[in-house]
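Now for the letters of each chain:
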Amino acid sequence: MGPFPTRRLARALCLTTLICATQASSFAAPAAGDDDEAPLAPPESGAAGAKEQPGLRMAMTQAGITGSLRAGYWTSDRRLDDETNIGVASAWLKLDKKLGSDVGLFAEGYLVSEDVFGDRLHESRLREGYVEGRKGNFDYRVGKQIIAWGRADRLNPTDNLTPRDTTLLAADVDEDRFGSLAAKASWNFDAATSLTGIWIPKFQPTVIAFRARTGVVYQENIPDSRQQWALKLDQSGKAVDWSVSWFDGFDLNGDISQGPLTAAGQVVTLDHHRIRVLGADAATTSGSYRFALEGAYVRTDDPDGTNAFIKNPFFYGVFGVERDYPDNFTVIVQAFAREVSHYSNPELIADPVTRAIAVQEAVVTNQYDRTQQGLSLRIDKKWFNETLEAEFAAIALLNRQGYLLRPRVVYLWSDSVKIIAAYDYFKGTDKTIYGLQEKNTALYSEVRWYF
Amino acid sequence: MRSYIEFILRFRWPVVILVTIATVFLSAKGGDLTVIIDPNNIVPRSHPFIATTLKVEEVFGSRYVAVIGITPKQGDVFQPKVMEKVLRITNKLRETPRVVKTNLLSVAARRAKDIRGTKDGMEVKQMMTDVPATPEQMAALKNALERNTAYMNAVVSNDFKTTVILAEVRDRKATDGPDVKGGFSFVQNKINAIVDAERDDAVDIMVSGYPPFLSMFERFAGRTPMLMMAALVVIGLIHWEAFRTIQGLILPLVTPLVAVQWAKGFMGLANVPLDIFNMSTPILILAVGAGHAVQLLKRYYEEYARLNPNPDSGIETAWKQTGATENIAIKVGFVVIYCALFFLVWLAPLKGMLASMLSLKDTGILAGLTILFFVLGYVAHMAFDGIWRLVRFWIKPQSPGVQADTKLNRQAVVDSIVKIGPVMVLAGLVAVCGFLSLMIFDIVSIRVFGFFSGVGILCVLIVEMTLIPALRSLLPPPGQKEARMEREERLWSRLTSFYARTIVGPNRNRIFIITGIVMAVAFFGMSRLGVESALKKYFDPNLPLLQEDAKLNQRMAGTNNVYILIEGDKPDAIKDPAVLKAMDELQAFIVTQPHIGKVMSLAEFIKRMNQSMNGDDPAYFKIPDKQATIAEYLLLYSMSGEPGDFDTYVDYDYQLANMVVFSHSDSTVDMLAMWKNVQAFAKEKFPPNIKVNVGGSVAQSAAITEVIVKDKILNVAQIAGVVFLIAAIVFRSPVAGLLVITPLLLSVLVNMGLLGLLGLKLNIPIALTSALAIGIGADYAIYMLFRLREEIAKGTEEKEAFRQVLNTAGKACLFVASAVAGGYAVQALSRGYYPHTWNAILIGTAMLVSVTAALTVMPALVFKFKPKFIFNGGPMKSTAPAAAAVIPAIAAFGIALALAGMPTPAHALTPLEIMEKNFIVNKYSDSVSQNTMTLTNKQGKQRVRKTFGTSKLQGNGIDNMRMTRFLEPTDVKGTVSLLIEHSEKDDDIWIYLPSTKKVRRLISSNKKDSFVGTDFSYGDVIGHKPKEWNHTLTKEEEVDGKPCYVIESTPKNDTIKSNTGYSKRINWIQKDIFVTVKALIYDESGELLKEAKFSNYKVADAAKQRYQAFLLETRNVQTEHATEIRVDESKSNTGVKDDYFTTRYMEQQ
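Computed from a predicted model, the values in this text were never measured in an experiment.

### A closer look at the packing of aromatic side chains
Residue and element names in this part refer to chain A.
Moving on, step 1. Enumeration over the complete set of coordinates arrives at 30 aromatic pairs over all chains.
Moving on, step 2. Seen in terms of ring centroids, Tyr-403 and Tyr-425 are 6.2 Å apart; in terms of plane orientation they differ by 40°. Their pairing is tilted. Here Tyr-425 lies in strand 20 (residues 417-428) and Tyr-403 lies in strand 19 (residues 402-412), a separation of 22 residues in the sequence.
Moving on, step 3. Looking at Tyr-403, the relative accessible area reads 26%, which means it is partly exposed.

Okay, structure coming up:
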């Protein structure tokens, strides 16, 4: 994250603009006329109604550019520090352009200032930028892209491919995701079944915050390897949606370990070891219920559990039931469990420094206990033709005191103005991930203007 | 059987998963079952009383009369404050749904007319339009009532101390729409609200009649879920006492609970609601299922103990290592979390239950509910913890000791099922036959009950033979402690040992002597048994409603109505003086009958007209001799009266007349006695072309009672025959058949005798209870005989064989009988409602008698007569295939019979045909379109959404696939929804949200939810299937110059209503092309919800005559939110490819 604006984002936006301009001349003919498969294809992105719009707006619409300007207030940031009362302003830009009947370009990025009244932190990121296309039964997508796996609700054991920026002050749940450079290809056997292969040549880890401690220096080591790949057999569109997947790559969250003792203090390193994940998920509905099941067995670089600073292999499973009540009222209850293989108690390590870091590693990686059980609950209700939405989400551990509460209200003032207010409340002992995040407890609100 | 059970064990996991999936699926189907008490479903339609009742209701609108009486605490009723109340109540009742307005009768009713003679002839005017302001006016009112004797003792008591308002309430009809809510409670609550507003210290107000009683019936029926839970607890406790193990407590409950869900699911699939007869069936299935499971489990313990007399510690150690949640604080935390989850996830049903409980004003029960939730929470925690331990147990590497124990465990499962499986199948088959034989009843509800119970027990058998062995083989076998506790000698063993000693000892004859005495007493009781149904006798006389009813009956002519229908062979037959005179005489005769307080008929009004036309001379208070005179009087009356004044007494053509009889008694015995006399009298007095019949609510009860009692006798004989036959075939001996039915017949005899001795009458609920008892009670004798034959065949010494059988199978029978009796005994807690108490007593007695007889009388007979089929019988293996072959046949036959007997509401063909044409008129092969949706809120603020959509008709020509991609606004841009319709099941819906980058499958059952935030629901978009609605062509009129049919559609049942959110739709359908041009839609409470308009139709498929509306407008009149969908561009029938309707397409940006 560099100072604002970064060279990377500027480069991305320039590229975007260039492609749009090129497209305007090269692909000016509407897809509808060219498409022998669809008699009436969707109009150019945003072209519908463009004629009634003012000049600049029309040009943007025709170029497939949309975006939003946002202003928000947060009582705390997400960096586990003591910063409070933060004003956030951001601009999000999105390009969505058909380059032909079967080829499209998509890019999205943002510029954000997390301290509008000062100059503490500004950042930018190109979240995604890829070209996608299809030919017969074959689909491909090349470029920086978000790959989200899993059919359970928000707790996804199989979701290990692309990272998040957990420090980003984004008011929507999945906006902290960003893409990795990847090539994805899918072969569709029929309308519902597909086999997808993914190659991720550049590893990008999840951005996480560490609580500053006196005498401790954090150092992250990012592996420089092109060897990350994944396979997924997926069926979606029949009575039961399911998939079986395999991922061989690096751990997005990493492991902390004891580094050398330097003049600056004890070095604590964050290493991203290789993991191999065998995962599966399934979802179906019956009457007013939706059932989802997702599980993954993660084999780590410490298969025998002998290294306290590398995760042990573990199984992580989620089972959820969703009940849909009339009038847009939904309740989702999920149970999840993690079982750690070759578990050993980090508290039994004799050396106090090693023990402290090993305990920290175990808590952060959810491996402090041999077995972790928990429940999640999400209640969602919409009113007034889906213009007002209230949501209450909670995750609670059953074997230790630790939970997260997240009430959230979204109001769509108009087509272009949205207001969000939410509260993230973390609570728990220091032996739980939620306890460690107590400083991230924040009340926040945001106003967005879409264009 | 052995290869079958080995097959089940080999595939134990798939079996458990399959059963779980089936249970989840069927639970979802049965989850929304609603309780509907529809009197039409509990009447024998072919009975003449019912035919008359239905005719009276159809022609005169009369069936159930609510009576509201007002008695001032001081003076007579002729006081302004009393008359003001009468006027207000009458006016409010006139506005109450399902109250028949034209038949409303009170001093202030429009049809209460003062007929008086004037110098110009006859003057007819409303008895009271405004409350008399002066004493003179009040006196005039009193005089008018005295003059018009028809109203005396009907609306005003003879002593003028009480006045009543009579409101006839019709039962719900399919076309009612908003009025159907809550059956009779719906109307009664409204009546109560009106009356309660008038109660004060100056007057005593009483409410009675059939509607409040039927309403109370519904309320008490709502207790069943609570009773079921209590039964569950009691049965569980008895299992605990029997086995002293957690498994023994839980496992036998799993089967029946699963079976109950299955049976409910099948009911849901058949679209059959729960009603008063089958409300308690879940308890029955629970009891029967638990019984079989106990037998299985008991035998399993026995076999395991035989195979492994000293359980190895290997498995126990492994089991202990799995570790449960040890920390008490965490346990409590779990319980609280689970309790909260129960509240959250099942909030809706709980709310209903709470409302029902609170209406009882019983805070104790509320406290009980809290405890129950805590218990449920604890059980849920135990289950979760147990499952977690099991998972860990299974995934742990198994030591040789564990493997050996596991092998023995599976062997014990196989051995126990091989030995007891055929017996269980046979016993179950007998029960199934018993219940399916109820299909012979002429009453729909009883047929449904028989079907539901039969299918439920079949489900029990299927689950017992699949899930239980699979589960049992997966669970760890009993450890030493568990096995010891299970074998521990307690009361049960001591009792069976005593029986065994008596049977094989010198005192055997005492059994026969005691049986003889019991039978003699029972016969004596039976001699005192009568047949009588009286709705009001089902309730505690101390209930306020009963007390008000008693007061009203004391002060007025009676709160119960009987209708005498006089039927002529041609129009104007009733105007014949001979007929009117006969009616007059009959009226005078009926009043002389016991319990009768009053009769109202046209004859009395004609007499009054004659008197008034002759200067009010009392000598002319008689029927004129000439028909022409009568016709003139009626003409004169019509000139100053109102056309509907006589609607209660005579039909429009004067071919049918209705005599309304007020009775103090609702006993069917009293009514039948009266009817017998009336028939004889009428035969003498009426001309031969006139038919006289009886109807009304009491007559209806009499008909139901007669049919049930008749069918009951047949049913007992039938079940006894079936049991005899099956037992005789299976054991290849008619003696076996006789032995098996012996306990059964004894239990029927004792039950009937007990009824007589207790002074109870054979009525509808009691007859049904007996059917239940017989269905359950046949099992024990079968289990005992099988086991006896098995032991003798093994070569066990005779006396030892009897001891062993009684201590094993006999003990299990005792557990089962205790559990069933205990399960039903909880119904005794249901205060105020006797049918629940009768259930508790009679089922308890039946269980006691049948189990005691099966454990004493039957073995004693066997020991005495030494029948060949036991003492020279072969092994049991040949019975299983026979039973397995018969069960599916019986089940298929029963299901077919039941489905054939299900109620099929009548519907008019023409409106349905119109709606079917309307349904398919917009079903064209495919389309691609761009649309603009404009959403406008109350303040006029607009949101505009642009979409690209495709649709394609599936192979069946009805279901569409629809894809909608949002193009604008930015906020929702890229969102794609895919809807695949399925006529026969829930639709499939997926949504792609760009923010999550995922396609998500959505729940599709809520058709009433808004379609992407518009005022159209998903149901509106998909279309409402015509066969799920009742349609009436109300009129034809033009819309925008186009002639249209106006069709009113109401949902056929509450499920459809609840799923669509609509109680009524009125569609204006263009006559020439069958498209909807306008619609009014009503919400579930009957309020207007939406107005819709569809215009700018264009041809989508000329060959098939399909059309597409290019402008769709709808406005929610309640929220004042409106939606306009304008099709900007559309092409149809162009060969849209299936690729659009895939999740692959959705994910593309």
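### Looking at the interface of chain B and chain A
By a widely used convention, the size of an interface equals the accessible area lost when the partners come together.
Moving on, step 1. Contacts between chain B and chain A engage 66 residues on the former and 80 residues on the latter.
Moving on, step 2. B:Arg1144 is the salt-bridge partner of A:Asp139, the closest N and O atoms lying 2.6 Å from each other.
Moving on, step 3. Linking chain B to chain A there are 21 residue pairs in polar contact (both at pLDDT 80 or more).
Moving on, step 4. Among the elements that take part in the side of chain B that touches chain A, helix 12 (residues 328-345) of chain B stands out by supplying six residues, more than any other.
Moving on, step 5. Among the residues forming the side of chain B that touches chain A, the class breakdown is 26 nonpolar, 19 polar and 21 charged.

### Focus on the sheet that holds strand 4 (residues 163-169) of chain B
All names here are of chain B.
Moving on, step 1. Read from one edge to the other, the open sheet built from three strands follows the order 4-1-5, with strand pairing classed as antiparallel. Of all the strands in the sheet, the pair left with one neighbour each is strand 4 and strand 5 (203-209). Averaged over all neighbouring strand pairs, the angle between strand axes comes to 15°, with direction disregarded.
Moving on, step 2. For strand 1 (residues 64-72) and strand 5, the ladder comprises seven bridges, and the chain directions are antiparallel. Across the sheet, the residue bridging to Gly-69 is Met-206, located in strand 5.
Moving on, step 3. The strands touched by helix 20 (residues 544-555) within the sheet are strand 1, strand 4 and strand 5, with strand 5 carrying the most contacts at an inclination of about 100°.

### Digging into the pairing of strand 9 (residues 229-235) of chain A
All names here are of chain A.
Moving on, step 1. Relative to strand 9, strand 7 (residues 193-199) is paired through seven bridges, and the arrangement is antiparallel. In the sheet register, Thr-193 faces strand 9, and the bridge partner there is Gln-235.
Moving on, step 2. Alignment of strand 9 against strand 10 (residues 240-250), held across seven bridges, turns out to be antiparallel. Pairing of Ala-230 across the sheet is with Phe-247, part of strand 10.
Moving on, step 3. Here strand 9 folds back onto strand 10 in antiparallel fashion, the turn holding four residues, of which Gly-237 has a positive phi close to 125°.

### Describing the pattern of salt bridges
Residues and elements named next belong to chain A.
Moving on, step 1. All chains considered together, the criterion is met by 70 salt bridges over all chains.
Moving on, step 2. One salt bridge connects Asp-281 with Arg-151, and the closest N-O pair in it is separated by 2.9 Å. With Asp-281 in strand 13 (residues 274-286) and Arg-151 in the loop between strand 5 (138-145) and strand 6 (180-188), this pair connects stretches of sequence that are 130 residues apart. Exposure class is identical for Asp-281 and Arg-151. Each is buried.

### What to know about unusual backbone geometry
What you tend to see is this: most non-glycine residues have negative phi, and most peptide bonds are trans.
Moving on, step 1. Residue B:Pro969 is bonded to the preceding B:Glu968 through a cis peptide linkage, with omega at -5°.
Moving on, step 2. Here B:Pro969 lies in the loop between strand 12 (960-968) and strand 13 (976-980).
Moving on, step 3. The backbone of A:His342 sits at a positive phi, close to 50°, despite the residue not being glycine.
Moving on, step 4. The residue A:His342 is located in the loop between strand 16 (329-340) and helix 4 (352-364) in this model.
Moving on, step 5. Its identity is not glycine, yet B:Asp1040 carries a phi of approximately 50°, on the positive side.
Moving on, step 6. Relative to the assigned elements, B:Asp1040 resides in the loop between strand 16 (1029-1039) and strand 17 (1042-1051).

### With respect to a nonpolar patch on the surface
All names here are of chain A.
Moving on, step 1. Taken together, the side chains of Phe-138, Trp-187, Phe-189, Leu-195, Trp-199, Trp-229, Leu-231, Leu-233, Val-244, Leu-278, Tyr-297 and Phe-315 make up a nonpolar region of the molecular surface, amounting to roughly 1100 Å² of accessible area.
Moving on, step 2. Those elements that place two or more of their residues in the nonpolar patch are strand 7 and strand 9.
Moving on, step 3. With three residues, strand 9 is the single largest residue contributor to the nonpolar patch.
Moving on, step 4. With respect to the helices and strands, Phe-189 occurs in the loop between strand 6 and strand 7.
Moving on, step 5. The class for Phe-189 is partly exposed, based on a relative accessible area of 46%.

### Here we look at the confidence of the model for chain B
Low-pLDDT stretches of the model should not have their predicted coordinates read in fine detail.
All names here are of chain B.
Moving on, step 1. For chain B, per-residue confidence averages 79 on the pLDDT scale, and 80% of positions sit at 70 or higher.
Moving on, step 2. The low-confidence segment residues 357-361 (pLDDT under 50) makes eight contacts with residues lying over four places distant or belonging to another chain.
Moving on, step 3. Note on residues 876-909: pLDDT is under 50 here. Beyond four places in sequence and across chains, it has 39 contacts.
Moving on, step 4. Predicted as a complex, the structure gets a pTM of 0.51 and an ipTM equal to 0.83.

### Side note on the confidence of the model for chain A
Residues and elements named next belong to chain A.
Moving on, step 1. This prediction gives chain A a mean pLDDT of 85; 87% of its residues lie at or above 70.
Moving on, step 2. Segment residues 1-40: pLDDT under 50, and 51 contacts once partners within four positions in sequence are set aside and those in other chains are kept.
Moving on, step 3. Note on residues 45-51: pLDDT under 50 across the span, and 16 contacts to partners over four residues away in sequence or across chains.

### What about the layout of surface pockets?
Moving on, step 1. Approximately 930 Å³ is the volume found for the second largest pocket.
Moving on, step 2. As for the second largest pocket, its lining consists of 37 residues, of which A:Phe384, A:Asn385, B:Asp1015, B:Asn1116 and B:Thr1119 are closest to the centre.
Moving on, step 3. In terms of residues, the lining of the second largest pocket owes the most to one element, strand 17 (residues 371-383) of chain A, which gives three residues.
Moving on, step 4. Here the lining of the second largest pocket is built from residues that sort into nine nonpolar, 15 polar and 13 charged.

### Let's talk about the sheet that holds strand 8 (residues 216-221) of chain A
All names here are of chain A.
Moving on, step 1. Ordered by their spatial adjacency, three strands build an open sheet running 8-12-11, and the pairing between neighbours is mixed. The open sheet is flanked by strand 8 and strand 11 (255-262), the only strands paired with a single partner. Taking each pair of neighbouring strands and ignoring which way they run, the sheet shows an average axis angle of 30°.
Moving on, step 2. Sheet analysis places strand 8 next to strand 12 (residues 265-271), joined by six bridges and oriented parallel. Bridging from a neighbouring strand, Val-216 pairs with Gln-266 of strand 12.
Moving on, step 3. Of the strands in this sheet, strand 11 and strand 12 touch helix 4, which is tilted by about 150° from strand 11.

### Concerning the packing of helix 19 (residues 508-527) of chain B against helix 30 (residues 834-865) of chain B
Residue and element names in this part refer to chain B.
Moving on, step 1. The geometry of helix 19 relative to helix 30 is characterised by a closest axis approach of 10 Å and an angle of 130° between their N-to-C directions. If you check the angle between helix 19 and helix 30, you find them oblique. Two packed elements cross with a definite hand, and for helix 19 against helix 30 that hand is left-handed. Counting all contacts with helix 19, which are made through Arg-508, Asn-509, Ile-511, Phe-512 and Thr-515, the residues of helix 30 involved are Thr-856, Val-857, Ala-860, Leu-861, Phe-863 and Lys-864.
Moving on, step 2. The residue inventory of the contact of helix 19 with helix 30, partitioned by class, reads six nonpolar, three polar and two charged.

### A short note on helix 7 (residues 210-221) of chain B
Residues and elements named next belong to chain B.
Moving on, step 1. When the terminal C-alpha atoms of helix 7 are compared, their 16 Å separation across 12 residues agrees well with the 16 Å that a helix rising 1.5 Å per residue should span.
Moving on, step 2. With 11 of 12 residues buried, helix 7 lies mostly within the body of the structure.
Moving on, step 3. Buried residues of helix 7: Tyr-210, Pro-211, Pro-212, Phe-213, Leu-214, Ser-215, Met-216, Phe-217, Glu-218, Phe-220 and Ala-221, and no others.

### Looking at the pairing of strand 7 of chain A
Residues and elements named next belong to chain A.
Moving on, step 1. Across six bridges, the pairing between strand 6 and strand 7 is antiparallel. Among the inter-strand pairings, Asn-188 is bridged to a residue of strand 7, identified as Ser-194.
Moving on, step 2. In sequence, strand 6 turns back onto strand 7 through a hairpin of four residues.

### A few points about helix 30 of chain B
All names here are of chain B.
Moving on, step 1. Over its 32 residues, helix 30 extends 43 Å from the first C-alpha to the last, a length consistent with the 46 Å expected when each residue adds 1.5 Å.
Moving on, step 2. The largest bend along helix 30 measures about 40° and falls at Ala-853.
Moving on, step 3. Counted residue by residue, helix 30 has 24 buried out of 32 residues, so it is predominantly covered.
Moving on, step 4. A positive backbone phi angle near 45° is found at Lys-866, which sits one or two residues after helix 30.

### Focus: the side chain of B:Arg945
Moving on, step 1. As for its position among the elements, B:Arg945 is in strand 11 (residues 942-953).
Moving on, step 2. It is A:Asp415 that comes nearest to the buried, bridge-free B:Arg945 among opposite-charge side chains, at 5.1 Å.
Moving on, step 3. With sequence-adjacent residues up to four places away left out, B:Arg945 is seen in contact with B:Asn931, B:Thr932, B:Met933, B:Phe966, B:Glu968, B:Pro969 and B:Val1012.

### A few points about empty space enclosed by the protein
Residue and element names in this part refer to chain B.
Moving on, step 1. Scanning all chains against the criterion turns up 18 cavities of 30 Å³ or more.
Moving on, step 2. The volume enclosed by the second largest cavity comes to roughly 1100 Å³.
Moving on, step 3. Looking at which element gives the most residues to the lining of the second largest cavity, the answer is strand 21 (residues 1106-1116), with five residues.
Moving on, step 4. Class assignment for the residues of the lining of the second largest cavity results in 23 nonpolar, 18 polar and five charged.

Definitions and cut-offs
Residues numbered from 1 in each chain as written. Chains lettered and ligands numbered in written order. Predicted model: local features only at pLDDT ≥ 70, side-chain atom pairs only at ≥ 80, totals over all residues. Heavy atoms only, no water. Phe/Tyr/Trp six-rings, centres within 6.5 Å; stacked < 30°, edge-to-face > 60°. Helix = DSSP H or I, 4+ residues; strand = E, 2+ residues; numbered from the N terminus. Buried < 20%, exposed > 50% of the residue type's maximum accessible area, 1.4 Å probe, protein only. Contact = heavy atoms within 4.5 Å. Salt bridge = Lys/Arg side-chain N within 4 Å of Asp/Glu carboxyl O. Polar contact = N/O pair within 3.5 Å; in protein donor to acceptor, adjacent residues only side chain to side chain. Nonpolar A, V, L, I, M, F, W, Y, C, P; charged D, E, K, R; others polar. Pairing = 2+ DSSP bridges. Axes fitted to C-alpha atoms, helices over the stretch in contact; angles between N-to-C directions. Patch = residues over 30% accessible without salt bridge, like charges linked within 9 Å, V, L, I, M, F, W, Y side chains within 5 Å. Areas by Shrake-Rupley, 256 points an atom, 1.4 Å probe, with all protein chains shown as cover. pLDDT = per-residue confidence, 0-100. 1 Å grid on protein atoms, 1.4 Å probe; cavity = no way out; pocket = protein on both sides within 12 Å on 5 of 7 lines; lining within 4 Å. Points joined across faces, edges and corners; volume = space filled by probe spheres on them. Parallel < 35°, antiparallel > 145°, perpendicular 65-115°, else oblique. Left-handed = near helix turned anticlockwise from the far one by under 90°. Expected span 1.5 Å × (residues − 1). Bend = angle between axes of the 7 residues up to and from the residue. Lys, Arg positive; Asp, Glu negative; His and termini not counted.

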